[in-house]
Amino acid sequence: MKKSVLALAILGAFAGVASAQSSVTLYGRAEAFVSFDKVGDLAGGSQAGETITRLRDGAVGAGKVGSRWGLRGTEDLGNGLSAYFTLESGWDIDTGTSRQAGRLFGRGAWVGLRSTSLGSIQFGRQDTFSRIAMFTIDPAANGQIKVNDNLPVAGTTTAGSNASSPFAGAARTIQIWDEFRSWDDNLIRYDTPKFSGFQLSAMLGLSESVSGADGTNARYQGLLATYASGPAALALSYEAYNGFGQSTYNKTVTFGGNYNFGFAKLFAGVQRTSDAGLRSANPNTGVATTEY
């Protein structure tokens, strides 16, 4: 049996003696709100027409962002080279439980190297490119404009719904802009230096399986081009998931931007999706995973 291993270690003395060349920042935000919900008559049973009062975290319902805390660190290695890392955890302020399926750092966990002349490369659980593009084209901040897709609950039919839809199975509210997972695992990302406001990025997500189609992980591929200068900003992203028993699973192209007139900001965008097995869902499990 032959076995070859290539290991790349990026080490920084973040926990060592403090110096002017290294720093670690603890950051976070907490948001909570109280909601008063009247259960509709269609709910049936004894709760129909009753009012429920709930304390909720900002990532659920009417809240705009989710509570989170994180650590960012950087160390100057000299000659224009620096090492850095980010660890970010999401949690519910009303219960103290972890979000992102209980992951300790479900909102991001990566380490990288940055060169002033060559760009940067980072490894770990990171934002997908469609998520990054949403910050440029979505006035509701990252895909939070939503619409009810009016799909039937599994095993039932609803007037006006499309029972033959490939997305049928559960009535739910979907985003106008799709992200196909806010974050993904096992990602390797490269960013060029910025040139007059332009930057190009490429990212590959490893399936960590022999064929990439055994249902363990899909393989992610993405390209991103961004421009930001003065009042104008543009983003163009392409993403594809390959695996999960199919030759191609979820491909999307997103393009748009915004322009700040001072008294108002104008947003515009277009998105085309093909081979979409499940909209706004984890391509491995079919469970929606978009969070903020």
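Everything here concerns the structure above.
What counts and how
Residues numbered from 1 in each chain as written. Predicted model: local features only at pLDDT ≥ 70, side-chain atom pairs only at ≥ 80, totals over all residues. Heavy atoms only, no water. Salt bridge = Lys/Arg side-chain N within 4 Å of Asp/Glu carboxyl O. Buried < 20%, exposed > 50% of the residue type's maximum accessible area, 1.4 Å probe, protein only. Helix = DSSP H or I, 4+ residues; strand = E, 2+ residues; numbered from the N terminus. Polar contact = N/O pair within 3.5 Å; in protein donor to acceptor, adjacent residues only side chain to side chain. Phe/Tyr/Trp six-rings, centres within 6.5 Å; stacked < 30°, edge-to-face > 60°. Lys NZ or Arg CZ within 6 Å of the ring centre and 35° of its normal.

A. Inspection of the pattern of salt bridges at higher detail. Counted under the stated rule, the structure contains six salt bridges. The salt bridge partner of R99 is D92, with a shortest N-O separation of 2.8 Å. Comparing R99 with D92 shows no difference in burial state: the two are buried. A salt bridge links D185 to R125, with the shortest nitrogen-to-oxygen separation between them at 2.6 Å. Of this pair, D185 sits in strand β10 (residues 183-191) while R125 sits in strand β7 (residues 119-127), placing them 60 residues apart in sequence. Here D185 and R125 have matching classes, each one buried. Counted as one network, the salt bridges with shared partners bring together R103, R125 and D185.

B. Geometry of unusual backbone geometry. A positive phi angle, close to 60 degrees, is found at A101, a residue other than glycine. Relative to the assigned elements, A101 resides in the loop between β5 (81-90) and β6 (108-115). Take A101: its relative accessible area is 83%, and that puts it in the exposed class. With phi around 55 degrees, N186 is a residue other than glycine that occupies positive phi space. Structurally, N186 is set in strand β10.

C. The arrangement of the environment of Q100 in detail. Counting through the fold element by element, Q100 comes out in the loop between β5 and β6. In sequence terms Q100 and G90 are 10 residues apart; their C-alpha atoms lie 6.9 Å from each other. At 3.5 Å, the side chain of Q100 and the backbone nitrogen of G90 are in polar contact.

D. The packing of aromatic side chains, seen in detail. For the coordinates displayed, the defined rule picks out four aromatic pairs. Here Y259 and F261 contribute two aromatic rings whose centre-to-centre distance is 4.9 Å and whose plane-to-plane angle is 55 degrees, an arrangement assigned as tilted. With relative accessibility at 38%, the residue Y259 sits in the partly exposed group. Plain terms: the ring middles of F261 and F263 are 6.2 Å apart, the flat faces sit at 35 degrees to each other, and that makes the pair tilted. For F261, a relative accessible area of 46% puts it in the partly exposed group. Through a chain of ring-to-ring contacts, the aromatic side chains of Y259, F261 and F263 assemble into a single cluster. Directly above the ring of Y27 sits R72, whose terminal nitrogen or CZ lies 3.8 Å from the centroid. Positioned over the ring face of Y84 is R114, at 4.0 Å from the centre of the ring.

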